[in-house]
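Close look at the chain arrangement
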Amino acid sequence: MRLRKTRFSDIVWFLYGITVLTFSALIFTESAGFFFLDKGMGLLFTAAFFLISTGLIILRYYLQKKKPAEKDAKSGTKVMNILTFVFAFVCLAAGVILRLRQMQSALITPSLTGSACEDIYNSIFYSISALFGGNLGTIIVFNTVLTVISSVCLFFAMRKILGNFAAVLSVCFAFVSPYFCSFGLSKGPELLSLVFDMLALLFLSLLLPGRKAKIGIALAGGLFVGLSAFTDFSAISFLLAIPMFFIRDKEEKEDTKNRAFINAVLYIVGTVFGICLGALVLSGIRGKLFTDELFGFVSGIRLFSNKAHIFASSDLAGLSIVALLLIPGIAEGYALRKKDQGTTVALLLIGFCVLDSLGLSGNIGSCEMMAVLLFAGMAGNLFDMFIYKEAPEKAETIPEVLEEIEIKDEETEKTEETEKAATAPLENPLPVPKKKERGQVDYDYDVADNADYDI
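Rules behind the numbers
Residues numbered from 1 in each chain as written. Predicted model: local features only at pLDDT ≥ 70, side-chain atom pairs only at ≥ 80, totals over all residues. Heavy atoms only, no water. Helix = DSSP H or I, 4+ residues; strand = E, 2+ residues; numbered from the N terminus. Expected span 1.5 Å × (residues − 1). Buried < 20%, exposed > 50% of the residue type's maximum accessible area, 1.4 Å probe, protein only. Contact = heavy atoms within 4.5 Å. Core = buried A, V, L, I, M, F, W, Y, C linked by side-chain atoms within 4.5 Å. Phe/Tyr/Trp six-rings, centres within 6.5 Å; stacked < 30°, edge-to-face > 60°. Axes fitted to C-alpha atoms, helices over the stretch in contact; angles between N-to-C directions. Parallel < 35°, antiparallel > 145°, perpendicular 65-115°, else oblique. Left-handed = near helix turned anticlockwise from the far one by under 90°. Nonpolar A, V, L, I, M, F, W, Y, C, P; charged D, E, K, R; others polar. 1 Å grid on protein atoms, 1.4 Å probe; cavity = no way out; pocket = protein on both sides within 12 Å on 5 of 7 lines; lining within 4 Å. Points joined across faces, edges and corners; volume = space filled by probe spheres on them. Patch = residues over 30% accessible without salt bridge, like charges linked within 9 Å, V, L, I, M, F, W, Y side chains within 5 Å. Areas by Shrake-Rupley, 256 points an atom, 1.4 Å probe, with all protein chains shown as cover. Salt bridge = Lys/Arg side-chain N within 4 Å of Asp/Glu carboxyl O. pLDDT = per-residue confidence, 0-100.

1. Quick word on helix α6 (residues 164-176)
End to end, α6 covers 18 Å across 13 residues, agreeing with the expected 18 Å (1.5 Å per residue, within 8%). Looking at α6, one finds that the buried residues are Asn164, Ala166, Ala167, Val168, Ser170, Val171, Phe173, Ala174 and Phe175.

2. Examining the environment of Phe85
Structurally, the position occupied by Phe85 is in helix α3 (residues 78-100). Relative accessible area serves as the criterion here: at 36%, Phe85 is assigned to the partly exposed category. For Phe85 and Asn164, which are 79 residues apart along the polypeptide, the C-alpha to C-alpha distance reads 9.0 Å. With near-sequence residues (within four places) excluded, Phe85 lies in contact with Phe155, Phe156 and Arg159.

3. Concerning the nonpolar core
Ranked by size, the top nonpolar core spans 91 residues in total, and within it Tyr16, Leu201, Phe238, Phe245, Leu326 and Leu374 carry the most contacts. Top element by residues in this core is helix α8 (residues 188-207). It accounts for 12 residues. Every residue in contact with Leu201, bar those within four places of it in the chain, is listed here: Leu154, Ala157, Ile161, Phe238, Leu348 and Leu374.

4. Quick look at the packing of aromatic side chains
On inspection of all chains with the given rule, the structure shows 17 aromatic pairs. An angle of 5° between the planes, with centres 6.4 Å apart, marks the rings of Tyr121 and Phe125 as stacked. Of this pair, Tyr121 and Phe125 both sit in helix α4 (residues 116-132), 4 residues apart, which is roughly one turn of the helix. Assigned by exposure class, Tyr121 and Phe125 land together as buried. Connected via pairs of aromatic rings, a cluster forms that spans Tyr121, Phe125, Tyr126 and Phe142.

5. Some words on the packing of α8 against helix α9 (residues 215-231)
Packing of α8 against α9 leaves a shortest axis separation of 8 Å and a crossing angle of 155°. Here α8 is positioned roughly antiparallel relative to α9, judged by the angle of their axes. As for the relative orientation of α8 and α9, their crossing is left-handed in sense. When α8 is examined against α9, the residues Ser193, Phe196, Asp197, Leu199, Ala200, Phe203, Leu206 and Leu207 are found in contact with a partner set consisting of Ile217, Ala218, Ala220, Gly221, Phe224, Val225, Leu227, Ser228 and Thr231.

6. Looking at the packing of helix α1 (residues 7-34) against helix α13 (residues 343-357)
At a closest axis distance of 9 Å, the pairing of α1 and α13 adopts a crossing angle of 45°. Taken as axis vectors, α1 and α13 run oblique relative to one another. Read as a crossing pair, α1 and α13 show a hand that is left-handed. Together, Phe8, Ser9, Val12, Trp13, Leu15, Tyr16 and Thr19 of α1 and Thr343, Ala346, Leu347, Leu349, Ile350 and Cys353 of α13 make up the contact between the two elements. A per-class count over the contact of α1 with α13 returns 10 nonpolar, 3 polar and no charged.

7. Considerations on empty space enclosed by the protein
If you walk through the whole model with that rule in mind, you get 3 cavities of 30 Å³ or more. Quantified by volume, the second largest cavity comes out at close to 50 Å³. Around the second largest cavity, the lining is made up of 13 residues, and of these Thr147, Ser150, Ala174, Phe180 and Leu194 lie nearest the centre. Only α5 (136-161), α7 (178-186), α8 and α14 (364-387) provide two or more residues apiece to the lining of the second largest cavity. Looking at the lining of the second largest cavity, the element that brings in the most residues is α5, giving 4 residues.

8. A word on a nonpolar patch on the surface
Among the surface-exposed residues, Ile215, Leu219, Phe246, Phe261, Val265 and Val269 lie close enough to one another that they form a single nonpolar patch of about 520 Å² accessible area. Elements represented by at least two residues in the nonpolar patch include exactly α9 and α10 (257-286). A per-element tally of the nonpolar patch places α10 first, with 3 residues. Secondary-structure assignment places Val269 in helix α10.

9. A short note on the environment of Thr343
Take Thr343: it is sitting in helix α13. You can call Thr343 buried: its relative accessible area is 0%. Separated by 10 residues in the primary sequence, Thr343 and Gly333 place their C-alpha atoms 9.5 Å from one another. Contacts of Thr343, omitting those with residues within four sequence positions, involve Ser9, Val12, Trp13 and Met244.

10. Things to note about the environment of Ala167
Here Ala167 is to be found in helix α6. Given the relative accessible area of 0%, Ala167 is considered buried. Between the alpha carbons of Ala167 and Val152 there is a distance of 9.7 Å; along the sequence they are 15 residues apart. Here Ala167 is in contact with Phe155, Met158 and Arg159, once residues within four sequence places are set aside.

11. Some thoughts on the pattern of salt bridges
It is possible for side chains of opposite charge to pair when their charged atoms get near one another. The final tally for this structure, using the stated rule, is 2 salt bridges. In this structure, Glu293 and Arg286 form a salt bridge, with 3.2 Å as the shortest nitrogen-oxygen distance. Members of the salt-bridge network, linked through shared partners, are Asp119, Arg286 and Glu293.

12. Quick notes on the confidence of the model for the chain
Looking at the chain as a whole, the pLDDT averages 76, with 70% of positions reaching at least 70. No element of the chain has a lower mean pLDDT than helix α15 (residues 410-423), which averages 58, and none a higher one than α9, which averages 91. Below a pLDDT of 50 lies the segment residues 68-76, which in the model reaches 18 contacts outside its immediate sequence neighbourhood of four places, other chains included. Across residues 389-405 the pLDDT falls below 50, and counting only partners more than four positions away or on other chains, this stretch makes 13 contacts in the model.

Written as structure tokens, this is what we have:
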């Protein structure tokens with residue numbers, strides 16, 4: 001899905017560039033400290049790598065203008081799609097095996113701590129443990145199932161919004177990276193919130209670009225946005241994608257603003273309904289009034305409610321690779337001015353990072369995982385941006401008419417024309433009387449040829 005790029009997309013991409021540089025600076029400073037180097041070296045490396053990569057991309061586009069551009073067809077053949085699905089399945093299988101290897105450890109039972117996400121998660125887990133037992137194997141299997149659901153939704157959403165490479169890299173990071181393997185084993189409530197996030201992202205990808213009225217998809221997407229926002233308020237960032245409903249391609253002549261407006265309204269209504277549904281479920285679990293839970297959700301939204309440092313406990317090796325891919329993508333995405341290269345995901349990233357930095361993320365683990373997966377998807381988008389070129393325009397085809405044509409010499413044609421002119425009679429330009437035809441007389445009786453007539 002590649003929409004027309006607008007001024008709005010350029011502004012968002014500029015803000016996204018600042019977000020990426022901030023994220024990369026955090027990762028590289030942490031990495032420098034890991035190698036017992038001064039953390040200022042991480043900032044210096046971030047700035048130097050950004051300037052060098054941007055200069056190389058500008059030089060590449062300058063050299064391309066000197067040569068005639070060859071238009072290749074858009075990547076995304078059947079072979080690439082098959083390889084994408086195969087690689088995603090391999091990552092899924094590897095991730096499941098890595099998690100199930102931890103089943104031989106000691107007994108673990110989650111405890112209620114009072115937050116909405118943990119209470120809902122523990123209520124579901126206690127129902128499952130009543131059938132299978134509340135041991136570590138059960139909680140690992142349950143968390144693995146949540147990881148599989150969220151990653152499958154992430155794969156199809158990223159594939160539709162950004163492309164095959166973005167889907168593969170984000171799912172690979174979600175399953176195989178040490179950070180997510182260890183994170184998913186110990187923090188189940190965050191995984192439940194992540195499932196709501198990924199379901200909201202999946203329905204959002206089906207809804208975009210929003211040029212058609214899709215009542216069911218808009219309501220379902222808003223519903224999961226509301227459920228996720230009820231467990232972690234940072235998920236309200238999904239509402240930032242609403243302006244993308246109104247961006248359409250140049251080739252589309254039909255005015256679809258009314259349909260996009262319908263989708264936007266239904267999306268917001270679904271979000272409100274999802275928050276109310278979360279309050280209703282939690283009121284049943286806690287045995288309190290629905291209005292009390294809804295009021296508790298609203299009153300619990302506070303600035304600077306968490307003090308944890310985002311990405312502090314993340315996988316530095318994996319995120320360093322992601323940061324190295326993200327930095328060249330800033331200039332590359334801006335240089336491709338005709339087509340949008342991921343403004344929707346950039347908006348979501350900016351929202352999650354800003355709300356978390358303001359302390360509005362009540363569940364920082366969920367917000368951190370969501371941001372990391374979106375960053376990984378945008379890093380994979382770099383390969384799509386390098387490979388993708390506009391498909392060649394269809395030229396007007398002239399129908400071929402096959403006729404038998406005699407090929408003659410010019411001298412032969414001139415001789416034939418001269419002979420025809422000499423033998424052809426001249427046309428009389430004056431009017432002439434019509435030729436008279438001899439009349440014929442018919443008799444009713446036969447007359448002999450030698451008959452005599454009296455005169």
